[in-house]
Amino acid sequence: MGAAKPFDISKKQVWKAYKAVRANAGAAGVDKETITDFERDLKGNLYKIWNRLASGSYFPPPVKAVAIPKKNGGERILGVPTVADRVAQTVVKHYLEAILEPIFLPDSFGYRPRKSALDAIAVTRERCWRYDWVLEFDIKGLFDNIDHVLLLKALEKHTTCKWVTLYIKRWLTAPLQQEDGTLVERTRGTPQGGVVSPVLSNLFMHYTFDVWMTRMFPGLPWCRYADDGLVHCRTEEEASAVKAALQTRLAACNLEMHPEKTQTVYCKDANRKDSYPQTKFDFLGYEFRARGARARARDVLFTSFLPAVSVKSLKAMRAQTRRLNLRNQSHLSLEEFARIFNPILRGWIGYYGQFYPSAMWPIYRHADYTIRAWLMRKYSRLSRHKVRASLVLNRIAKQNPSLFEHWRFGGVGAFV
């Protein structure tokens, strides 16, 4: 028998972590090793991770910096760990979730098991019907600015496990490797893209906002998804008071409210007839504003304050379609085209089509225009003949109405 390890980490924990990493897939880190590469010596690689974690000798490699575009312009820097490091981080994540989930509050929705952004949208929709005002706030660069001292203080409040705190300290200070290979030291923040980062950010915000808000304003419901949050208020003055108090609270925790993404909104509908400059807000890809609705019991039309896919989200979906350049993939068969496009359409419909689904029609129309453009490129007889191509597309849709995911909505040929 070998010598006992100083830390009680089982091989089963590492195996469970590996299965979670494999299910999530993900890109290679600084070592350029993919999941497939890692699995060529799976037993040896997992043993190495377990051995180093259990002996206290695990040191994370640098995190790969990857720039991704934001919906509203600019870039967000993701920190992509190596596959092996993702497995190690998942071991710690599983441990932390088991002890922190019971203490997290119900209205914290981001990155939590059995909670989703759609749950947050549903809760917010109902609260907007009951409260006239919303303070919408965004925390500027949350993941980049988390204070390490305050975070570790919160962590030590809930665990005395030495290996958990040891490895979290190492991950917090692991350098960021930029595209040109230079290393950037980190003295604050936790990399957006790291496996353990979401649960750490939730722990930080649990004390920075969730518990504080519940204590300071017990009568006002709130909802938070990572760095985006809402507080429902009865009056404009109440919303202003919450905003001022929250600015002070965030500053005390070395965070800042985003000046351009924070606003007080009046939830205008048929019963709220006052005029105010801000009567709509975006939250998690949905735009909340006054919209036409139908009372089913009485079959009466009225105006309600409701969420639907936002203008920014529609623009981002169209941009994604253009980046895929599907209309120019004339070497594909129609079935191959559908196999590539359908998972994307299914994802959009599954998320953005859950509330006020008719607002998705511009995207369905855009999808049909994309398919029609592909037909025109694929077949020379349809080139420069939009009407003829539309007729062909209609015929295809009638023959095979389940070929494309969005054809289930609005009737065959409704969007061409």
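Placed above this text is the structure.
A brief report on the enclosed structure follows. (Residues numbered from 1 in each chain as written. Predicted model: local features only at pLDDT ≥ 70, side-chain atom pairs only at ≥ 80, totals over all residues. Heavy atoms only, no water.)

### Remarks on empty space enclosed by the protein
Moving on, step 1. Going through the model one piece at a time under the given rule, you end up with one cavity of 30 Å³ or more.
Moving on, step 2. One number sums up the size of the largest cavity: a volume of about 60 Å³.
Moving on, step 3. Lining the largest cavity we find Val-63, Asp-85, Gln-89, Trp-171, Leu-172, Thr-190, Pro-191, Gly-194, Val-196, Ser-197 and Leu-200.
Moving on, step 4. Where the lining of the largest cavity is concerned, the elements lending two or more residues are helix H4 (83-100), helix H8 (162-173) and helix H9 (197-216).
Moving on, step 5. Broken down by class, the residue content of the lining of the largest cavity amounts to six nonpolar, four polar and one charged. (1 Å grid on protein atoms, 1.4 Å probe; cavity = no way out; pocket = protein on both sides within 12 Å on 5 of 7 lines; lining within 4 Å. Points joined across faces, edges and corners; volume = space filled by probe spheres on them. Helix = DSSP H or I, 4+ residues; strand = E, 2+ residues; numbered from the N terminus. Nonpolar A, V, L, I, M, F, W, Y, C, P; charged D, E, K, R; others polar.)

### Considerations on H8
Moving on, step 1. Taking 1.5 Å as the rise per residue, H8 with 12 residues should run 16 Å; its terminal C-alpha atoms sit 17 Å apart, in good agreement.
Moving on, step 2. Of the positions making up H8, those classed as buried are Trp-163, Val-164, Thr-165, Tyr-167, Ile-168, Arg-170, Trp-171 and Leu-172.
Moving on, step 3. Lining the buried residues of H8 we find helix H1 (11-24), helix H3 (42-55), H4, helix H7 (148-156) and H9. (Expected span 1.5 Å × (residues − 1). Buried < 20%, exposed > 50% of the residue type's maximum accessible area, 1.4 Å probe, protein only. Contact = heavy atoms within 4.5 Å.)

### As for the sheet that holds strand E2 (residues 75-80)
Moving on, step 1. Pairing within the open sheet is mixed, and its four strands lie in the order E2-E1-E4-E5. Strands with a single pairing partner mark the edges of an open sheet, and in this sheet they are E2 and strand E5 (183-184).
Moving on, step 2. Note: strand E1 (residues 63-69) against E2, six bridges, orientation antiparallel. By the bridge assignment for E2, Ala-67 is matched with Ile-77. (Pairing = 2+ DSSP bridges.)

### Section: the packing of aromatic side chains
Moving on, step 1. Enumeration according to the criterion identifies 27 aromatic pairs in this entry.
Moving on, step 2. Between the aromatic rings of Tyr-111 and Tyr-225, the centroid separation amounts to 5.8 Å while the plane-to-plane angle is 55 degrees, which identifies the pairing as tilted. Here Tyr-225 lies in strand E6 (residues 222-225) and Tyr-111 lies in the loop between H4 and helix H5 (117-130), a separation of 114 residues in the sequence.
Moving on, step 3. Put simply, the rings of Phe-337, Phe-341, Trp-374, Phe-404 and Trp-407 touch in pairs and so form one group of aromatic residues. (Phe/Tyr/Trp six-rings, centres within 6.5 Å; stacked < 30°, edge-to-face > 60°.)

### Topic: the sheet that holds strand E11 (residues 300-309)
Moving on, step 1. Pairing within the open sheet is antiparallel, and its three strands lie in the order E9-E10-E11. What marks the edges here is a single partner per strand, and that holds for strand E9 (281-283) and E11. Adjacent strand axes in the sheet meet at a mean angle of 50 degrees, parallel and antiparallel pairs treated alike.
Moving on, step 2. Examined bridge by bridge, strand E10 (residues 286-295) and E11 share 10 bridges and lie antiparallel to one another. Within E11, the residue paired with Gly-292 across the bridge is Thr-303. (Axes fitted to C-alpha atoms, helices over the stretch in contact; angles between N-to-C directions.)

### Focus on the pairing of E6
Moving on, step 1. Side chains of E6 alternate between two faces, with Trp-222 and Arg-224 and Cys-223 and Tyr-225 buried alike.
Moving on, step 2. Bridging between E6 and strand E7 (residues 228-233) involves four bridges; their strand directions are antiparallel. The partner of Tyr-225 across the bridge, within E7, is Asp-228.
Moving on, step 3. Following E6, the chain reverses through two residues before pairing antiparallel with E7; Ala-226 in that reversal takes a positive phi of roughly 60 degrees.

### Overview of the nonpolar core
Moving on, step 1. Val-87, Leu-96, Trp-163, Ile-168, Phe-209, Met-213 and Val-231 are the most contacted members of the largest nonpolar core, which has 62 residues in total.
Moving on, step 2. Element by element, the count of residues in this core is highest for H9, at eight residues.
Moving on, step 3. Beyond its immediate chain neighbours, meaning those up to four positions away, Trp-163 contacts Phe-7, Asp-8, Ile-9, Gln-13, Val-91, Val-92 and Tyr-95.
Moving on, step 4. One finds Cys-267, Phe-288, Tyr-364 and Ile-371 within the second-largest nonpolar core, a separate group that totals 52 residues. (Core = buried A, V, L, I, M, F, W, Y, C linked by side-chain atoms within 4.5 Å.)

### Overview of the pairing of strand E3 (residues 133-138)
Moving on, step 1. Counting buried residues in E3 gives six out of six residues, a clear majority hidden from the surface.
Moving on, step 2. Burial along E3 is two-sided: Trp-133, Leu-135 and Phe-137 facing one way and Val-134, Glu-136 and Asp-138 facing the other are all buried.
Moving on, step 3. As paired elements, E3 and E7 share six bridges and run antiparallel to each other. Looking at E7, one finds that Leu-135 is bridged to Val-231.
Moving on, step 4. Here four bridges tie E3 to strand E8 (residues 263-266), and the two strands are oriented antiparallel to one another. Residue pairing across strands places Leu-135 opposite Thr-264, the latter belonging to E8.

### Let's talk about the environment of Gln-278
Moving on, step 1. Inspection of the secondary structure assignment puts Gln-278 in the loop between E8 and E9.
Moving on, step 2. When the C-alpha positions of Gln-278 and Cys-267 are compared, they lie 8.7 Å apart, and in sequence the two are 11 residues distant.

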